[in-house]
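The chain contents come next:
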Amino acid sequence: MGLLDTILGRSKPVRPDLDQLFAVPSAALTLQAGAGFTPTGLGSVCFAGVEGGTFARIQQDVQELLDADTDKGGIPVEFSQDPYGYTWLLARQSPDDVASLVNDLHAVNTLLQDGGFGPQLLCSLIAFRDARDRPLALVYLYKRGTFYPFAPLPGGVEKRDNQLELQVRAVLGDDLRMEKDLARWFPVWGAPGLQP
């Protein structure tokens, strides 16, 4: 960062720190105790697709890595595209094994990053629900190295429960590096893993 950047108020972007994902299992316990939300066992990674053989090979490597336990009863990962053209990978684990889910999501992010496709990574999310069946996701912003809560209102309307999101931020403030800029709390409507 140079003098001109300092004068103009520009700052270096935060470097992604994928190890922040490993804080989610303990944050899940805090979230359950403080707000009544439990993990669903679903998590996903969103990335912008790239044409080309190298990216296709990495995507195949990701699928093979995460599907390695399907012969022992594991559930295969699913790839899908959203209406905006982004690719989503949905991983499933037992709801009481958040650590394995986080390991899967970390592996996907790491393989893409190490393959030179870090700029295509957008976010990862881990899904939760409460006793009233309200959905909640902890979203990790790859390019910011921070988390934020996303709480869509049930019923298929594209509205969010802002009060719940702020409550979750307060509950998890000591557990996760929370995104301070609320303008970056992007909605992830229809994200795999958040549907009932």
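Details of the structure are given in the entry above.
To start, this report covers the structure provided alongside it. (Residues numbered from 1 in each chain as written. Predicted model: local features only at pLDDT ≥ 70, side-chain atom pairs only at ≥ 80, totals over all residues. Heavy atoms only, no water.)

**Some words on the overall build of the protein chain**
Next up, step 1: Scanning the protein chain for helices and strands turns up five helices and six strands.
Next up, step 2: Starting at the N terminus and walking to the C terminus, you meet the elements of the protein chain as α-α-β-α-β-β-α-β-β-β-α.
Next up, step 3: Carbon and sulfur atoms provide 53% of the accessible area of the protein chain, an area that totals close to 10300 Å². (Helix = DSSP H or I, 4+ residues; strand = E, 2+ residues; numbered from the N terminus. Areas by Shrake-Rupley, 256 points an atom, 1.4 Å probe, with all protein chains shown as cover.)

**Things to note about unusual backbone geometry**
Next up, step 1: The phi torsion at Asp 133 lies on the positive side, around 70°, for a residue other than glycine.
Next up, step 2: Examined against the element boundaries, Asp 133 turns out to sit in the loop between strand 4 (121-129) and strand 5 (135-141).
Next up, step 3: Residue classification places Asp 133 among the partly exposed residues on the basis of a relative accessible area of 43%. (Buried < 20%, exposed > 50% of the residue type's maximum accessible area, 1.4 Å probe, protein only.)

**What about the environment of Leu 111?**
Next up, step 1: As for its placement among the helices and strands, Leu 111 is situated in helix 4 (residues 98-117).
Next up, step 2: According to the relative accessible area criterion, Leu 111 is partly exposed, its value standing at 31%.
Next up, step 3: Separated by 50 residues in the primary sequence, Leu 111 and Asp 61 place their C-alpha atoms 8.2 Å from one another.
Next up, step 4: Setting aside residues up to four positions removed in sequence, Leu 111 forms contacts with Ile 58, Val 62 and Leu 65. (Contact = heavy atoms within 4.5 Å.)

**What about the environment of Leu 101?**
Next up, step 1: Its location among the elements puts Leu 101 in helix 4.
Next up, step 2: Judged by relative accessible area, Leu 101 falls into the buried class, the value being 2%.
Next up, step 3: Setting aside its immediate chain neighbours within four residues, Leu 101 contacts Gly 41, Leu 42, Gly 43, Ala 91, Gln 93 and Ile 126.

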